[in-house]
Amino acid sequence: MSPVSQGASRRLLLAGALAAASAAVTGCSSGEATASGGSRRLRIGYFAFPSGDLLVKNKKLLEKELPDYRVTWIKFDSGAAVNQAFLGKSLDIAALGSSPFARGISGGSPIPYKVAWVLDVAGENEALVARKGSGIVDVAGLKGRTVATPFASTSHYSLLAALRTAGLKPSDVKLVDLQPQAVLAAWQRGDIDAAYVWLPTLDELRRTGTQLTSSKEIGAAGKPTLDLAVVSDDLIARDPRAIGSWRKAQARALRLLRSDPDGSVAAVAAELGISAADARAQLRQGVFLTPEQVASPAWLGTDGQPGKLLTYVTDTARFLAEQRQLDAAPAEDTVRKAFYLKGLPDDLK
């Protein structure tokens, strides 16, 4: 894959930002937007992916914390589109993978947002699958084959890590940039030999494919990926109280995943339009922290004391730079400034 300069990619993001954000809000490409009434607004980007985010949305946990706010939920298909929307100033809070976040804070004009929460740690809910009958039985067998993944995503990052571990360079395979639904269509047509993607598309591929590795395995080998949540610098400046309330809602959702598994399954099933059995199976594949773990030194950390997530994001950016996906990785101090920890751990009470 030929490298794209950070400056050029940022200009492309800026050029597409307003169009992408508009499409997301209207539901033209990224799904529906739902809103509740109120005087002040919060625009929240989310993914159709099993996590506490779906419980917050389905059970209106944030609306209960902020009854005077107009909360709009906007569905996105990828972290790249979320980054575009933040550049277009169309989001206040959003789910975002650790890899696209590392890209967003790199370069001379970082996206004006900060990480404020950990939604989940990637496990078996993101994986690399090869078509049955392709003759591919391991990652090394991908040499010369066509592999799809959404570029600038956590799956893309994990795929690059898997290739390097297997002794392959990105140029040794034909990498194709496809969003999850397009991955499924290409798979069904027989256009691709393998794909690295997340749920629910992943489960569709598993029906006729062989899993080669997963983000759980790659994370255990030293390249973890996470689904984070970021908040805009503008929201931090004008309404930090809303961020605290949003964290309380997210903390409640993580607790419900453990204390009310049946209710959590029902909420996820309703949001994704799938059966309770499928929702339960998908939730089992994720790794969900407790609120206390989120704010611990092992992960996000607390006000004035960033946790190991700082190292994970810094290492992710360095790896992407080594793979020529970035011109240069940001310094650890730059990454540290992209953390918003004020209010932690008090926001969890």
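Enquirer: Explain the overall build of the protein to me, and be specific about the residues and the numbers.
Expert: Scanning the protein from terminus to terminus reveals 16 helices and 13 strands. When burial is assessed residue by residue, the protein has 57% of its 349 residues classed as buried. For the protein, the accessible surface area stands at approximately 14000 Å², while carbon and sulfur atoms represent 51% of it.

Enquirer: Give me the pairing of strand β5 (residues 113-121): which residues, what numbers.
Expert: Of all nine residues in β5, eight are buried; the element is thus mostly enclosed. Relative to strand β11 (residues 226-232), β5 runs antiparallel, the two sharing seven bridges. Along β11, the bridge assignment pairs Lys114 with Val231.

Enquirer: An account of the packing of aromatic side chains is requested, with residue identities and associated values reported.
Expert: Tallying each qualifying case throughout the model produces five aromatic pairs. For the ring pair Tyr157 and Phe319, a centre distance of 5.2 Å and an interplane angle of 80° mean the geometry is edge-to-face. Placement of Tyr157 in helix α6 (residues 154-165) and of Phe319 in helix α15 (residues 309-322) is noted, with a sequence separation of 162 residues between them. Both residues of the pair, Tyr157 and Phe319, belong to the buried class. Here Trp299 and Tyr312 contribute two aromatic rings whose centre-to-centre distance is 5.9 Å and whose plane-to-plane angle is 55°, an arrangement assigned as tilted. Note that Trp299 is positioned in the loop between α14 (291-294) and β12 (301-302) and Tyr312 in helix α15, a separation of 13 residues in sequence. Its guanidinium or amino end placed over the ring of Trp187, Arg131 lies 5.3 Å from that ring's centre, counting from NZ or CZ.

Enquirer: Run through the nonpolar core, naming residues and quoting values.
Expert: Grouped burial of nonpolar side chains is what soluble globular proteins tend to show. Counting residues in hydrophobic clusters, the biggest one holds 115 residues, and the most contacted among them are Phe101, Trp117 and Leu142. No other element matches the nine residues that helix α11 (residues 240-259) contributes to this core. Leaving out residues up to four positions away in the same chain, Phe101 has contacts with Leu96, Tyr113, Lys114, Val115, Leu228, Val230, Val313 and Ala338.

Enquirer: Describe the sheet that holds strand β7 (residues 146-149), naming the residues involved and giving the relevant values.
Expert: In space, the five strands of this open sheet follow the order β8-β7-β9-β6-β10, with mixed pairing throughout. The open sheet has two free edges, formed respectively by β8 (174-177) and β10 (209-214), since each of these has just one partner strand. In this sheet, neighbouring strand axes are inclined to one another by 25° on average, regardless of whether the strands run parallel or antiparallel. Of the pairings in the sheet, the one linking β7 to β8 comprises four bridges and is parallel in character. Its bridge partner being in β8, Thr149 is matched across the sheet by Asp177. Its contacts with the sheet put α6 on β6 (126-131), β7, β8, β9 (194-198) and β10, and the angle it makes with β9 is roughly 135°. Here helix α7 (residues 180-189) sits on the sheet in contact with β6, β7, β9 and β10, set at roughly 150° to β9.

Enquirer: For unusual backbone geometry, give the residues involved together with the corresponding values.
Expert: For the bond from Leu199 to Pro200, the omega torsion is 0°, close enough to zero to count as cis. Considering the arrangement of structural elements, one finds Pro200 in the loop between β9 and α8 (201-206). The residue after Leu344, namely Pro345, is reached through a cis peptide bond having omega 10°. For Pro345, the location among the structural elements is in the segment after α16 (332-336). At Lys89, a position not held by glycine, the phi torsion is positive, near 55°. Looking at where Lys89 falls in the secondary structure, it is placed in the loop between α4 (79-87) and β4 (93-97). You can call Lys89 exposed: its relative accessible area is 63%. Positioned with a positive phi, Arg324 is a non-glycine residue whose angle comes to about 65°. On the secondary structure map, Arg324 appears in the loop between α15 and α16. Residue Arg324 is classed as exposed on the basis of its relative accessible area, which comes to 55%.

Enquirer: Give me the lowdown on the packing of helix α12 (residues 261-272) against helix α13 (residues 276-284), citing residues and values where you can.
Expert: Closest axis-to-axis distance for the α12/α13 pair is 8 Å, and the angle between their directions is 110°. When the axis of α12 is compared with that of α13, the two are roughly perpendicular. Judged by residue contacts, Asp262, Ser264, Val265, Val268, Ala269 and Leu272 of α12 engage Ala276, Ala279, Arg280, Gln282 and Leu283 from α13. When the residues that make up the contact of α12 with α13 are grouped by side-chain class, the tally is seven nonpolar, two polar and two charged.

Enquirer: Kindly report on the pattern of salt bridges, identifying the contributing residues and their values.
Expert: As enumerated under the stated definition, the model contains 18 salt bridges in all. The salt bridge involving Asp203 is made with Arg206; its shortest N-O contact spans 2.9 Å. Pair noted here: Asp203 and Arg206 are both in helix α8, with a separation of three residues, about one helical turn. Ionic pairing is found between Glu292 and Arg255, a salt bridge with its closest N-O pair at 2.9 Å. Within this pair, whereas Glu292 is found in helix α14, its partner Arg255 is found in helix α11, the two being separated by 37 residues in sequence. Owing to a relative accessible area of 46%, Glu292 belongs among the partly exposed residues under this scheme. Among the charged side chains, a salt-bridge network with shared partners connects Arg43, Asp92, Asp234 and Arg238.

Basis of the calculations
Residues numbered from 1 in each chain as written. Predicted model: local features only at pLDDT ≥ 70, side-chain atom pairs only at ≥ 80, totals over all residues. Heavy atoms only, no water. Helix = DSSP H or I, 4+ residues; strand = E, 2+ residues; numbered from the N terminus. Buried < 20%, exposed > 50% of the residue type's maximum accessible area, 1.4 Å probe, protein only. Areas by Shrake-Rupley, 256 points an atom, 1.4 Å probe, with all protein chains shown as cover. Pairing = 2+ DSSP bridges. Phe/Tyr/Trp six-rings, centres within 6.5 Å; stacked < 30°, edge-to-face > 60°. Lys NZ or Arg CZ within 6 Å of the ring centre and 35° of its normal. Core = buried A, V, L, I, M, F, W, Y, C linked by side-chain atoms within 4.5 Å. Contact = heavy atoms within 4.5 Å. Axes fitted to C-alpha atoms, helices over the stretch in contact; angles between N-to-C directions. Parallel < 35°, antiparallel > 145°, perpendicular 65-115°, else oblique. Nonpolar A, V, L, I, M, F, W, Y, C, P; charged D, E, K, R; others polar. Salt bridge = Lys/Arg side-chain N within 4 Å of Asp/Glu carboxyl O.

Geometric descriptors of this kind do not, in isolation, establish any biological role.
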